[in-house]
Amino acid sequence: MAKDFSTRAESYSEWYNELVTRADLAEQSAVRGCMVIKPYGYAIWEKMQRTLDQMFKDTGHQNAYFPLFIPKSFLSREADHVEGFAKECAVVTHYRLKANPDGSGVTVDPAAKLEEELIVRPTSETIIWNTYKGWIQSYRDLPILVNQWANVVRWEMRTRLFLRTAEFLWQEGHTAHATKEEAQEEARRMLDVYADFAQNFMAMPVIKGVKTANERFAGALETYCIESMMQDGKALQAGTSHFLGQNFAKAFDVTFLNKENKLEYVWASSWGVSTRLMGALIMTHSDDNGLVLPPKLAPIQVAIVPIYKNAEQLAQISEAALKIKAELQAKGISVKYDDDDKQKPGWKFNEYEFKGVPVRIAIGPRDMENGTAEICRRDTLEKSIHNQAEIGTLVPALLDQIQQSLFDRALKHRLDNTVKVDNWEDFKVQIEQGKFILAHWDGTTETEVKIKEETKATIRVLPFEYEAEEGKCIYTGKPSHRRVIFAKAY
RNA sequence: CGGGAUGUAGCGCAGUUGGUAGCGUGCAACGUUCGGGACGUUGAGGUCGCAAGUUCGAAUCUUGUCAUCCCGACCA
């Protein structure tokens, strides 16, 4: 009955939708390409949000909120930006409905046509920089370090639950600086924050680096990214941070007087991560039994399940269980004691496995006789028996261990599936096997595009960490000084 | 927008040569159970995606239409 979800590459829907459904995280909405995030899924997102939000604040940022609607003319101010997003925008053209004369529902009132159409934001650079114009006059007004938690809409032709939905939740940071260096530093700093979050909270190893010109954000001078490998070997872009130069300042005429009393355009960065991270989390750790959550992001870290035949036994077990629960909670661990009489222990075991709860503790009559409890860890499904008195000290250490071991396992998977390739035939073979390929590239967009056409492989990232090495482009044979990472991507 | 497939109970599906709809699971009640999704008995739940046509009669045949999924195109 095992469906081999965790490793099968070819069937996205079974691999992914099934796990999402079983873990009860999200479902398709009635609206095309949108999703309903269910309470348990949202609890995970909230935990991610809180963690990230604190990290932003620790790096000096503040939250703010900007409008959902963007006047059409704003979007077209920056040439590359509009070109990048024009094909996927939802447009508001009217502001009123009216009842049909024959009483059969409503129709759009043609009299209520907007003079200028409004775009539902696909990203907020334009509306924010239009606002920043009014906020910035002097170098004393800088930097502005603002983040927004919001939803955005991108009318993609093809959507995938969590990974590419028409509407998604995200945060977008938009910063304004007096110097180029400062803006670049900011973009790099936030990439580090993302990498920190991915690796230390999501237990998801990432490769930090820079995108090629071809894969760059529309309107950016440089796009930095964290790139991660999913269990089927495909790459997922987990977060991006952009150095925008003065492009948006020029487009929205945002200038300031510097210390030398000279008028200058403002320098910018923007950065964002989205509910796609939920997809990344699922696809990095899940196995055939369902979701596997890293302890630091699990809404429930420990579930305690009593096993009993009658009310008397339950009362005894509850006493022991609640003691353990209190002990763990005192250490900041979220614990659920599930004495729900409506479900059987076996059912609960499966349920918490679907939901990815890192540690499960079972206590039954046999344990009560011996003063013990059974601990099962979700990542390995190993069970062990311990004295009840030890649980309070054992579990915190175990949670740390699970967190680390999930990361180690994912990193090993990536390293095991990363290969250096030096000839084209080999490249085509390896890319089909879902590998990350380290190969030389001649640095041209032309070559990059041709490789993509022939193999569907894209250059995921030019890693910051690399060995300088003379070589020949995998495709054209032209000289190259370093290897870059090719892979198929979601 | 091109290629392919699918729409039948909450979910997953069957339904033969046209004869007025069934299985699994889930749901409700009761009893026995309870250390890995228990079992039995009873019960509730369906405009067969929508529309038109053929026919005495359509889930089934025809046409149209809508929706969803997969593969492309598209995609910080």
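Residues numbered from 1 in each chain as written. Chains lettered and ligands numbered in written order. Predicted model: local features only at pLDDT ≥ 70, side-chain atom pairs only at ≥ 80, totals over all residues. Heavy atoms only, no water.

Draft legend 1. Broad picture of the packing of helix α13 (residues 424–432) against helix α14 (residues 445–455). Viewed as axis vectors pointing N to C, α13 and α14 meet at an angle of 55°, and their least axial separation amounts to 11 Å. Considering the angle they form, α13 stands oblique to α14. In this structure, α13 crosses over α14, and the sense of that crossing is right-handed. Where α13 approaches α14, its residues Trp424, Phe427, Lys428, Ile431 and Glu432 are matched on the opposing element by Ile451, Glu454 and Thr455. (Axes fitted to C-alpha atoms, helices over the stretch in contact; angles between N-to-C directions. Helix = DSSP H or I, 4+ residues; strand = E, 2+ residues; numbered from the N terminus. Parallel < 35°, antiparallel > 145°, perpendicular 65-115°, else oblique. Left-handed = near helix turned anticlockwise from the far one by under 90°. Contact = heavy atoms within 4.5 Å.)

Draft legend 2. Region of interest: the nonpolar core. Of all hydrophobic cores here, the largest spans 74 residues; its most connected members are Tyr16, Leu25, Met48, Phe162, Met202, Phe427 and Phe486. Beyond its immediate chain neighbours, meaning those up to four positions away, Tyr16 contacts Leu161, Phe162, Leu163, Gly279, Ile282 and Met283. Grouped together as the second largest cluster of nonpolar side chains are 29 residues, Ile119, Ile127, Ile144 and Val254 included. (Core = buried A, V, L, I, M, F, W, Y, C linked by side-chain atoms within 4.5 Å. Buried < 20%, exposed > 50% of the residue type's maximum accessible area, 1.4 Å probe, protein only.)

Draft legend 3. Geometry of the protein's contact with RNA strand B. Taken together, the neighbourhood of RNA strand B is formed by 39 residues, with Arg158, Trp170, Gln237, Phe354 and Arg360 sitting nearest. For RNA strand B, the fraction of protein-proximal atoms (within 4 Å) that sit in sugar or phosphate groups is 35%. At 3.2 Å, a backbone N or O of Tyr308 approaches a sugar or linking oxygen of RNA strand B. Gly364 is positioned such that a nitrogen or oxygen atom in its backbone is 3.2 Å from a base oxygen of RNA strand B. (Near = heavy atom within 4 Å. Polar contact = N/O pair within 3.5 Å; in protein donor to acceptor, adjacent residues only side chain to side chain.)

Draft legend 4. Region of the structure containing the packing of helix α2 (residues 39–58) against helix α6 (residues 180–200). Two elements in contact, α2 and α6, have axes whose closest approach is 11 Å; the angle formed by their N-to-C orientations is 145°. Viewed along their axes, α2 and α6 form a crossing whose handedness is right-handed. In this structure, α2 uses Met48, Thr51, Leu52, Met55 and Phe56 to contact α6, whose residues at the interface are Met190, Val193, Tyr194, Asp196 and Phe197. Looking at the contact of α2 with α6, its residues break down into 8 nonpolar, 1 polar and 1 charged. (Nonpolar A, V, L, I, M, F, W, Y, C, P; charged D, E, K, R; others polar.)

Draft legend 5. Representation of the sheet that holds strand β23 (residues 436–440). Pairing in this open sheet of 11 strands is mixed, and the strands run β3-β9-β10-β16-β13-β12-β11-β24-β27-β23-β22 from one edge to the other. Looking along the sheet, the strands with just one partner apiece sit at the ends: β3 (62–63) and β22 (418–420). The sheet contact formed by strand β9 (residues 144–153) and strand β10 (residues 167–177) spans 10 bridges and is antiparallel. Looking across to β10, one finds that Leu145 is bridged to Thr175. (Pairing = 2+ DSSP bridges.)

Draft legend 6. The arrangement of the environment of Leu314 in detail. Here Leu314 shows up in helix α9 (residues 311–329). Setting aside residues no more than four positions away along its own chain, Leu314 makes contact with Pro306, Tyr308, Tyr337 and Asp339.

Draft legend 7. Expanded view of the environment of Val20. Among the secondary structure elements, Val20 is positioned in helix α1 (residues 12–22). When the C-alpha atoms of Val20 and Gly290 are compared, they prove to be 8.1 Å apart, with 270 residues separating the residues in sequence. Those residues within four positions of Val20 in sequence are excluded, and the remaining contacts are Leu25, Ala26, Leu161, Phe162 and Ile282.

Draft legend 8. Geometry of the pattern of salt bridges. Scanning the entire structure with this criterion turns up 22 salt bridges. Of the charged contacts in the structure, one is a salt bridge between Glu222 and Arg216, with a shortest N-O distance of 3.5 Å. Assessed through its relative accessible area of 29%, Arg216 is described here as partly exposed. Note that Arg378 is salt-bridged to Asp287, the shortest N-O span being 2.8 Å. Note that Arg378 is positioned in the loop between β20 (372–377) and β21 (383–387) and Asp287 in the loop between α8 (276–285) and β17 (302–306), a separation of 91 residues in sequence. In this pair, the class of Arg378 matches that of Asp287, namely buried. Three or more residues are tied together by salt bridges with common partners; here these are Lys211, Glu227 and Arg460. (Salt bridge = Lys/Arg side-chain N within 4 Å of Asp/Glu carboxyl O.)

Draft legend 9. Examining the packing of aromatic side chains more closely. By the definition in use, this model includes 18 aromatic pairs. Between Phe243 and Trp267, the aromatic rings sit 6.2 Å apart at their centres with planes inclined by 10°, giving stacked as the arrangement. Note that Phe243 is positioned in strand β13 (residues 235–245) and Trp267 in strand β16 (residues 267–274), a separation of 24 residues in sequence. For Trp267, a relative accessible area of 14% gives the class buried. (Phe/Tyr/Trp six-rings, centres within 6.5 Å; stacked < 30°, edge-to-face > 60°.)

Draft legend 10. Expanded view of the sheet that holds strand β8 (residues 113–120). Reading across from one edge, β4-β8-β5 is the order of the 3 strands in this open sheet, with antiparallel pairing throughout. If you trace the sheet from one side to the other, it starts and ends with β4 (69–71) and β5 (91–94), each paired once. Across the sheet, the mean angle from the axis of one strand to that of its neighbour is 40°, orientation sign disregarded.

Draft legend 11. Representation of the pairing of strand β24 (residues 458–463) within the structure. Burial within β24 is extensive, with 6 of its 6 residues counted as buried. Direction of pairing for strand β11 (residues 207–210) relative to β24: antiparallel, over a ladder of 2 bridges. When the sheet's bridge partners are listed, Val210 is paired in β24 with Leu462. With 3 bridges joining them, β24 and strand β27 (residues 483–487) adopt antiparallel strand pairing.

Draft legend 12. Focus on unusual backbone geometry. At the junction of Leu142 and Pro143, the peptide bond is cis and its omega measures out at -5° in the coordinates. Within the element layout of this structure, Pro143 appears in the loop between α5 (125–135) and β9. Its identity as a non-glycine residue notwithstanding, Asp24 has a phi of 60°, on the positive side. On the secondary structure map, Asp24 appears in the loop between α1 and β1 (26–28). Accessibility expressed as a relative area gives 31% for Asp24, which makes it partly exposed.

Honestly, it's all geometry; don't read function into it.
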